[in-house]
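In case you want the letters, here they are:
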Amino acid sequence: MDAILDFVGHQTDLSRYVLLGTLLMMRAIPVTFLTPFLGGKLVPPETRVALALGMTVLSFQYAESYMAGPLTPNPLVYIVLMFKELFIGFVIGFLAVKIFYAMEYGGRMLDTLRGSNMAEAQVPELGFRASPMGDFLFHLLLVVYMGIDGHVYFIESVVESFRVVPVDAFPGFAGSFEAWITQFLHYSSALFGIAFALTFPGMFASFMTDIVFGMLNRVAPQLNAYSLAMGVKALAGIAFFFFSMSLLVKQLGVHSRNTVMFLQRIIDLLG
């Protein structure tokens, strides 16, 4: 390959491209495999690897400009750097997909209270089955996320991570790994609280339906209140949920932006 490049008049060091490109791929591959708005499990692995290769090519010169020097050919050091890149890529991808898991969980809670959690639907981007409302909320968030250009800001954050943590350096965690991991955990736990709050109108309607029919059963025990309540609370839960749809979509946009901002902050704290 070096002889071919020399023949066409392009003087370069092929080993430098291979070493640096492989490290960039190690950071990009977990991102493309985890994030649903880049295809997720719906896209064949070959396509996801090709997408990671494209991100590598686009960020190659930018990442190289922030390196302290040429990469060492020491195999042990290079393997350690590869695992470091995989870790950073996994952190970025995990933070990006966490809000989608949280919304699926919120929809499953709503379906459980409505008594409709036995029905399941496939979520192709994540490769598992979810309840109907969980599937609906997941794809609603996906549409909102793409609508606010969240995927564009996300890719910018991935490229910016090569400045914060160059490929030939290790994360400093802003001097405190404990503080970094604490923010990471607080964010993860807060997402499920947000999902609960966004689906609360439907869950509250289902709960109140159970209360009303429970009181009715005490007044008229001859009525089969349990069977009557099953259909009513399923309809009441989804009706109140759709009544709050405008507020839900607005809040999904807000929390999608907050997710991108938090991802950028976590990346900055890696340095």
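Residues numbered from 1 in each chain as written. Predicted model: local features only at pLDDT ≥ 70, side-chain atom pairs only at ≥ 80, totals over all residues. Heavy atoms only, no water.

Chemist: Even after reading the chapter, I still don't get the overall build of the protein chain, so can you show me in this structure?
Modeler: Helices and strands together make up the secondary structure of the protein chain, namely 10 helices and 2 strands. Helices and strands in the protein chain line up, N terminus first, as α-α-α-α-β-β-α-α-α-α-α-α. Its C-alpha atoms give the protein chain a radius of gyration of 24 Å, clearly above 18 Å, the size a compact globule of 271 residues would have. Principal-axis analysis of the C-alpha atoms places the extent of the protein chain at approximately 90 × 40 × 30 Å. By residue count, 43% of the 271 residues in the protein chain fall in the buried class. Taking the contacts inside the protein chain whose residues are at least 6 apart along the sequence as the reference set, 79% of them involve residues at least 24 apart. Roughly 13800 Å² of accessible area belongs to the protein chain as shown, and the carbon and sulfur atoms make up 71% of that amount. Charged side chains of the protein chain number 15 positive and 18 negative; the gap between the two group centres comes to 12 Å. (Helix = DSSP H or I, 4+ residues; strand = E, 2+ residues; numbered from the N terminus. Rg over C-alpha atoms; globule rule 2.2 N^0.38 Å. Buried < 20%, exposed > 50% of the residue type's maximum accessible area, 1.4 Å probe, protein only. Contact = heavy atoms within 4.5 Å. Areas by Shrake-Rupley, 256 points an atom, 1.4 Å probe, with all protein chains shown as cover. Lys, Arg positive; Asp, Glu negative; His and termini not counted. Charge placed at Lys NZ, Arg CZ, Asp CG, Glu CD.)

Chemist: It is not clear to me how the packing of helix α5 (residues 132–147) against helix α10 (residues 245–270) should be interpreted in this structure. Could you clarify?
Modeler: Pairs of packed helices are described in terms of their axes, by the angle between the two and the distance that separates them. The geometry of α5 relative to α10 is characterised by a closest axis approach of 9 Å and an angle of 65° between their N-to-C directions. The handedness of the crossing between α5 and α10 comes out as right-handed. Between α5 and α10, the contacting residues are F136, L137, L140, L141, V144 and Y145 on the first element and M245, L248, V249, L252, G253, S256 and V260 on the second. (Axes fitted to C-alpha atoms, helices over the stretch in contact; angles between N-to-C directions. Left-handed = near helix turned anticlockwise from the far one by under 90°.)

Chemist: Looking at this structure, I do not really get the pattern of salt bridges. What am I missing?
Modeler: Two side chains that carry opposite charge are able to pair once their charged atoms sit near each other. In total, this model carries 6 salt bridges according to the counting rule given. For E104, the salt bridge is made with R108, and the minimal N-O distance between the two is 3.3 Å. Of this pair, E104 and R108 are both found in helix α4 (residues 75–114), 4 residues apart, which corresponds to roughly one turn of the helix. E104 sits in the buried class, given a relative accessible area of 8%. A salt bridge links D210 to K233, with the nearest nitrogen and oxygen atoms 3.4 Å apart. Placement of the pair is D210 in helix α8 (residues 200–219) and K233 in helix α9 (residues 225–243), with a sequence separation of 23 residues. Shared partners join several salt bridges into a network, and the residues in it are R27, K84 and E85. (Salt bridge = Lys/Arg side-chain N within 4 Å of Asp/Glu carboxyl O.)

The values reported here are purely geometric and, on their own, carry no functional implication.
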